[in-house]
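# Examination of the molecular architecture
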Amino acid sequence: PAADPIVDLDLTKSVNATTVGVGDIITYTITVSNQGPDDATGVSVYDMLPAGLNYVGSDGSYNPTTGIWYIGDLDANGSV
């Protein structure tokens with residue numbers, strides 16, 4: 001049988017503001033990197049917005065109801 005792929009995923013999250021007021025727009029940046037050595041398939045990240053925040057939009061496929069950001073395949077040494 002074929003060996004299971006070996007992947008090492010790394011996730012970082014940052015925000016562009018530490019203090020916000022009502023109506024302010026803030027941006028979260030989430031980066032997922034695959035340190036390999038193999039390609040990763042079916043990658044997704046769970047990240048619910050904190051209570052009190054309203055979802056405005058995103059790059060990629062994020063579902064604010066479930067908190068799932070679907071990435072899909074991620075090559076070894078790749079990031080998104």
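Above this text sits the structure in question.
Per-chain numbering applies: the sequence of each chain, read as written, is numbered from 1 onward. It should be noted that, the model being predicted, local features are given only for residues of pLDDT at least 70 and side-chain atom pairs only at 80 or more, the latter also being counted only at that level, while totals for whole chains, interfaces and linings use all residues. To obtain the side-chain values, all non-hydrogen atoms of the structure were included, while hydrogens and water were left out.

### So, the layout of surface pockets
Put simply, the rule reads: Computed over the protein atoms alone on a 1 Å grid, cavities are sets of points where a 1.4 Å probe fits but cannot get out and pockets are open sets with protein on both sides within 12 Å along at least five of seven lines; a residue lines them when it has an atom within 4 Å of a point. Grid points are joined across faces, edges and corners, and a volume is the space filled by probe spheres set on the points. Helix and strand assignments follow DSSP, with helices taken as H or I runs no shorter than four residues and strands as E runs no shorter than two, numbered in order from the N terminus. Gly is placed with the polar residues, together with every amino acid not listed as nonpolar (Ala, Val, Leu, Ile, Met, Phe, Trp, Tyr, Cys and Pro) or charged (Asp, Glu, Lys and Arg).
When its volume is computed, the largest pocket comes out at roughly 750 Å³. Per-element accounting of the lining of the largest pocket gives the leading share, three residues, to strand β2 (residues 28-34). Here the lining of the largest pocket is built from residues that sort into 11 nonpolar, eight polar and three charged.

### So, the environment of Trp69
Stated precisely, the cut-off is as follows: A contact between two residues is defined here by any heavy atoms of the two lying within 4.5 Å.
You can see Trp69 is positioned in strand β5 (residues 68-74). Spatially, the C-alpha atom of Trp69 lies 9.8 Å from that of Asp59, the residues being 10 residues apart in sequence. Discounting chain neighbours no more than four positions away, the residues touching Trp69 are Ile30, Val32, Ser44, Val45, Asp59, Gly60, Ser61, Tyr62 and Val80.

### Quick word on unusual backbone geometry
Cis geometry is adopted by the peptide bond preceding Pro37, which originates at Gly36 and carries an omega value of 10°. Looking at the element boundaries, Pro37 is found in the loop between β2 and β3 (40-46). The backbone of Asn77 sits at a positive phi, close to 70°, despite the residue not being glycine. As for its position among the elements, Asn77 is in the segment after β5.

### Description of the sheet that holds strand β4 (residues 61-63)
What counts, and what does not: A pair of strands is treated as paired once DSSP finds two or more bridges between them. Orientation is described by axes fitted as lines to C-alpha atoms, over the contacting stretch for helices, and by angles from 0 to 180 degrees between their N-to-C directions.
Pairing within the open sheet is antiparallel, and its three strands lie in the order β3-β5-β4. Each edge of the open sheet carries a strand with a single partner, namely β3 and β4. The sheet shows a mean angle of 25° between the axes of neighbouring strands, taken without regard to direction.

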